[in-house]
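# What the coordinates show
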Amino acid sequence: MEPAGIVIEKLAKIYSRRGSEVHALKGIDLEVRGGEIFGLLGPNGAGKTTTVGVCTTRVKATSGRVTVNGIDVRADAPAVKRSIGVVTQFRTLDRSLTIRENLAMHGMYFGLHPKDAWVRADELLADFRLSERAGAFPDELSGGMAQRVQVARAIAHHPSVLFLDEPTAGLDPQSRLALWETIEGMHARGITVFLTTHYMEEAESLCDRVAIIDHGQILVLDTPEALKRSISAETVIELRLETPNDALVERLRALPGVVSAQASGDAVRVLTASQDGVLPRILAEANGAGLKDMTMTKPTLETVFISLTGRDLRE
Amino acid sequence: MSDGSMTLAPPARRAMYARAFYGLIRRDMRVARREAFQLSMRTIMNPFLFVFVFAYVFPKIGQQFQSGGGISFATIIVPGLIGSAIIFNGISAVALPLVMEFGATREIEDRVMAPLPTAAVAIEKIVFSAAQAVLAGLVVFPFVYLIPSTPVSVHVNNWPLLIGVFLLAGLVSSALGMAIGTVANPRQIGLVFALIVIPVTFLGCVYYPWARLHPVLWLQILVLINPLVYISEGLRTALTPTVPHMHPWAFFGALLALFALLMWMALSGFLRRVID
């Protein structure tokens, strides 16, 4: 018996579209442990949605193997579907049904007796503060509210694994925070959460472990803390200049206490180890190079991504 | 042996599939109930007006169709109009929602994620819509029977034959609807109705028996690709046996073959659309 959770082995996916081949996933390996919140962080087009698609039986892998709770997704899709809940980045509520009917029908698809399905729907409506809109149709809801219904629906049948594909994309900050709370609630109840996002704050504040994916490959996998430690920098100093200045970047790299320096347009991002005097030395070098602005921050997962790929997550 | 069969015993699995299938049926019933008025108007308007104009008004004002053989035009069109109501509703009930759900809204997703094989989601849609199409045929009957101002002669000698034709007609129609729904996109749906549904209903031997087409031989042969021809002829055999009609082997054989072909197109199209 394989462990609960998700095991992804050498997963590759090639899409053939109009004669050209797109390698969406290039043989990734991942193991999501039962009960954890696992984040797959990467820019748009990195392969996150394809990964979720294969795990949730909606995308056929070109090669490799995925098991969810020990069940092979290809060999037995219905058994996998029974134990998972899915929230995709699209609004997939049934527009012909009210919110309450959406929840109840979902329960019936998963074998609830109709009477129990309606009870469950009302329970979820109350839990998700949706009771007032029970009779509304999906098109009448705001984005945040529709997303809440989708999450409520995804857990209506008590899945043991919940997949959330870019769950907060396009949500207002308040709805985003509310959804984070909900996800933490699921976690507290022992549900395994597999989350994809391109918001590093989301991965950082929610996830027990994070894998960073880019161009269909996993670059690193660890706890957010360990990932941030791995770049061995204490502080990120960003300098904004009048004009790009490669010579300055070279000089900054040579300074003691500087871990790395990278140009990004008219800005220079300098990672520094905790060492006295490094800031004055940087400022002294930048003096005369048209320094407009400077910010100092702690390293984030975004810093990790940039130091791995040389690009911003949003690029 | 797959990992899954170790975790789910066959009886439990069958029960899981059956409950999911039943849930999908309940969902479609709820939606159909909500849209009942719209659906019945869509079903009734065309046959009602057709019968009213051609079988009530025309004889009243002395503008008669030449039907020959002492059989009234009103009798000839009874099976045809029932058949076209079945095929029109079967196609519409599947193709219209499916085109939207695949193309624009992706709302089929939740049903596809129900715990049963994906093909069963498609089969449920076809079965439910076939029932809806059969119902549409039944709803049309009183209109085409009662409105004409000339005598309508309907005799059912063989009930099993009638029931068989009705059921097969419903299934062929909704399978055709799904085959259309999985290839068309929302922007093309008007075009698809113009190029497929309208020719199918006009050239489906609705207004004349197939045998009478003999003088236009090329048309008589060409229309044999049209499923409505066999539905009309089947209903003609069952309802108005005095009108010339095809042999039961011919229309049953053709309907079964078309059903197998359309079912294959519908299921493979559906799977292609929902699984990348």
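Given the structure is predicted, the values throughout are model-derived calculations rather than measurements.

What follows covers unusual backbone geometry. Residue and element names in this part refer to chain A. One non-glycine residue, H158, lies in the positive phi region at around 55°. Considering the arrangement of structural elements, one finds H158 in the loop between helix 5 (143-155) and strand 7 (161-165). Its relative accessible area of 59% is what places H158 among the exposed residues. A positive phi angle, close to 45°, is found at E166, a residue other than glycine. As for its position among the elements, E166 is in the loop between strand 7 and helix 6 (173-188). For E166, a relative accessible area of 4% translates into the label buried.

One key point about sheets: their strands pair by backbone hydrogen bonds, in either a parallel or an antiparallel sense. Residues and elements named next belong to chain A. One open sheet accounts for four strands, arranged 2-1-4-5; its pairing is antiparallel. Edge positions in the open sheet fall to strand 2 (20-33) and strand 5 (71-72), since each of these has one partner strand only. On the sheet, helix 1 (residues 48-55) packs against strand 1 (5-17), strand 2 and strand 4 (63-68) and is oriented at approximately 115° with respect to strand 1.

What follows covers the pattern of salt bridges. For the structure on display, the rule yields 26 salt bridges over all chains. With a closest N to O distance of 3.2 Å, D72 of chain A and R65 of chain A form a salt bridge. Taking relative accessible area as the criterion, R65 of chain A reaches 28% and is therefore assigned partly exposed. R251 of chain A is the salt-bridge partner of E285 of chain A, the closest N and O atoms lying 2.8 Å from each other. Residue E285 of chain A is located in helix 10 (residues 278-286), and its partner R251 of chain A is located in helix 9 (residues 246-253); the two are separated by 34 residues in the primary sequence. Each of D94 of chain A together with R27, D28, E101, R111 and K125 of chain B takes part in one network of salt bridges that share partners.

The next thing to look at is the domain arrangement of chain A. If you check the domain split of chain A, you get domain 1 (5-228) and domain 2 (232-298). Computed from C-alpha atoms alone, the centre-to-centre distance between domain 1 of chain A and domain 2 of chain A is 40 Å.

This part is about the packing of aromatic side chains. What describes a pair of aromatic rings is the distance from one ring centre to the other and the angle between the planes of the rings. Across all of its chains, the model carries 13 aromatic pairs over all chains by this definition. With 5.2 Å between their ring centres and 45° between their planes, F251 of chain B and F252 of chain B make a pair best called tilted. Within the aromatic cluster, the residues linked to one another by ring pairs are F50, F54, F58, F202 and Y207 of chain B. The ring of Y199 of chain A carries the charged tip of R176 of chain A above its face, separated from the ring centre by 4.1 Å. Here R106 of chain B stacks its cationic end above the ring of F90 of chain A, 3.8 Å away from the centre of that ring.

Residues and elements named next belong to chain A. Spatially, six strands are ordered 6-7-8-3-9-10 in an open sheet, and the strand pairing comes out mixed. Every other strand in the sheet has two partners, leaving strand 6 (84-87) and strand 10 (217-222) as the edge strands with one partner each. The sheet shows a mean angle of 15° between the axes of neighbouring strands, direction not considered. Pairing analysis gives four bridges linking strand 6 to strand 7, with the strands arranged parallel. Opposite G85, over in strand 7, you have L162 as the bridge partner. Each of strand 6 and strand 7 touches helix 5; the most contacted strand, strand 6, lies at about 165° to it. Its contacts with the sheet place helix 11 (residues 301-309) against strand 3 (37-41), strand 9 (209-214) and strand 10, and it is angled at close to 35° to strand 9.

Residues I82 and F270 of chain B are the most contacted members of the largest nonpolar core, which totals 129 residues. Counting residues per element, this core draws most heavily on helix 4 (residues 73-105) of chain B, at 15 residues. Looking at this core, you find at least three residues from each of domain 1 (5-228) and domain 2 (232-298) of chain A. Beyond its immediate chain neighbours, meaning those up to four positions away, I82 of chain B contacts G137, V140, F141, V144, F166, L235 and L239 of chain B. Counting residues in hydrophobic clusters, the runner-up holds 32 residues, among them A24, A79, I84 and I213 of chain A.

As a further point, take the pairing of strand 4 of chain A. Residues and elements named next belong to chain A. For strand 1 and strand 4, the ladder comprises five bridges, and the chain directions are antiparallel. Residue pairing in the sheet places I8 in a bridge with V66 of strand 4. Connecting strand 4 to the antiparallel partner strand 5 that follows it, the hairpin turn spans two residues, and N69 within it adopts a positive phi of roughly 50°.

Here is what the cut-offs are and how they apply
Residues numbered from 1 in each chain as written. Chains lettered and ligands numbered in written order. Predicted model: local features only at pLDDT ≥ 70, side-chain atom pairs only at ≥ 80, totals over all residues. Heavy atoms only, no water. Helix = DSSP H or I, 4+ residues; strand = E, 2+ residues; numbered from the N terminus. Buried < 20%, exposed > 50% of the residue type's maximum accessible area, 1.4 Å probe, protein only. Pairing = 2+ DSSP bridges. Contact = heavy atoms within 4.5 Å. Axes fitted to C-alpha atoms, helices over the stretch in contact; angles between N-to-C directions. Salt bridge = Lys/Arg side-chain N within 4 Å of Asp/Glu carboxyl O. Domains from an automatic or database assignment. Phe/Tyr/Trp six-rings, centres within 6.5 Å; stacked < 30°, edge-to-face > 60°. Lys NZ or Arg CZ within 6 Å of the ring centre and 35° of its normal. Core = buried A, V, L, I, M, F, W, Y, C linked by side-chain atoms within 4.5 Å.

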